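# Architecture at a glance
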Amino acid sequence: MKTLFILFISFAFISLTNAQSVDYSGSYRIDTAKTKWGNLPYYVLPKSVKIVQEKDSLTISKYKVNEKSEDLPVVSYCYKFVSPSLKTKGANGNTTVSSLKFNNDGSFVIMYETVGLDGKFLLRNVETWRMDGKELTINSAVEQDNGVKYNITGNYDKI
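Keep in mind that this is a model prediction, so the values were computed, not measured.

### Remarks on the sheet that holds strand E8 (residues 121-132)
Sheet architecture is open: 10 strands sit in the order E4-E3-E2-E1-E10-E9-E8-E7-E6-E5, paired in antiparallel fashion. For this open sheet the edge positions go to strand E4 (75-80) and strand E5 (85-89), each flanked by a neighbour on one side alone. If you compare each strand with its neighbour and ignore which way they point, the axes differ by 20 degrees on average. Inspection of the sheet shows strand E9 (residues 135-144) paired to strand E10 (residues 149-158) by 9 bridges, in the antiparallel sense. Note that in E10 the partner of Val142 across the bridge is Tyr150.

Set out below in C-alpha cells:
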C-alpha cells in the first residue's frame, strides 16, 4: 500500500512538472489563413483566447462570436492541476463536465461532455492544445448527439 502511495505521489509530481514545462500564459488571436476550417463557419472557433497559467492552475477564457459576428459572453474555465475536472451548468440547464490532462510533451487535452436536462448525451469535444514558439494550435474532435462528427484545427498567434 505504501508503494502505491509513493507511486501516486511521484506520478502527480511528474504531471505537475510537465504541466509547467510549457508556459501557455498570454493572449492569442486566431490566424484565419492558417486555420483548417473544413466546411465549418468561422464562428465555431473562438476569435481569441486568453490563458493565465499559474503554478497550480490554468485558466482559459474563450472569446467567441455568433453567426452575425456579434460578441458572445466570455466563457472561462479554471483547472486546478490537483483536481483538473469541472462541472458547469449552462443557462439552458445543460450540464458540461470537462477535464484537463497534460501530456509528456507539454501539450494538454481538454475533454468536454455535455448532457441535457434529461441526462442524455448532447456533445463531446476533445481538444488538444499545443504551443510552438508563439503559435498556439487547438485541434478539436467533436461528436454530436445526432451522429455528426467533425475535426477542426485553430491556429492562434500570441498578441
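### Notes on the pairing of strand E3 (residues 57-63)
Most of E3 sits inside the fold, with 5 of its 7 residues counted as buried. Alignment of strand E2 (residues 48-54) against E3, held across 7 bridges, turns out to be antiparallel. By the bridge assignment for E3, Ile51 is matched with Ile60. Between the end of E2 and the start of E3, which pair antiparallel, lie 2 residues. Relative to E4, E3 runs antiparallel, the two sharing 6 bridges. By the bridge assignment for E4, Lys62 is matched with Val75.

### Describing the packing of aromatic side chains
Throughout the structure, instances matching the rule amount to 7 aromatic pairs. Ring plane angle 20 degrees and centroid distance 6.2 Å describe the contact between Tyr77 and Tyr79, whose orientation is recorded as stacked. Across the pair, Tyr79 and Tyr77 agree in class, each one buried. With centroids separated by 5.5 Å and ring planes inclined at 55 degrees, the aromatic side chains of Tyr77 and Tyr112 adopt a geometry described as tilted. One end of the pair, Tyr77, is in strand E4; the other, Tyr112, is in strand E7 (residues 108-115), and 35 residues separate them in sequence. By relative accessible area, which is 8% here, Tyr112 ends up buried.

Parameters and conventions
- Residues numbered from 1 in each chain as written.
- Predicted model: local features only at pLDDT ≥ 70, side-chain atom pairs only at ≥ 80, totals over all residues.
- Heavy atoms only, no water.
- Pairing = 2+ DSSP bridges.
- Helix = DSSP H or I, 4+ residues; strand = E, 2+ residues; numbered from the N terminus.
- Axes fitted to C-alpha atoms, helices over the stretch in contact; angles between N-to-C directions.
- Buried < 20%, exposed > 50% of the residue type's maximum accessible area, 1.4 Å probe, protein only.
- Phe/Tyr/Trp six-rings, centres within 6.5 Å; stacked < 30°, edge-to-face > 60°.

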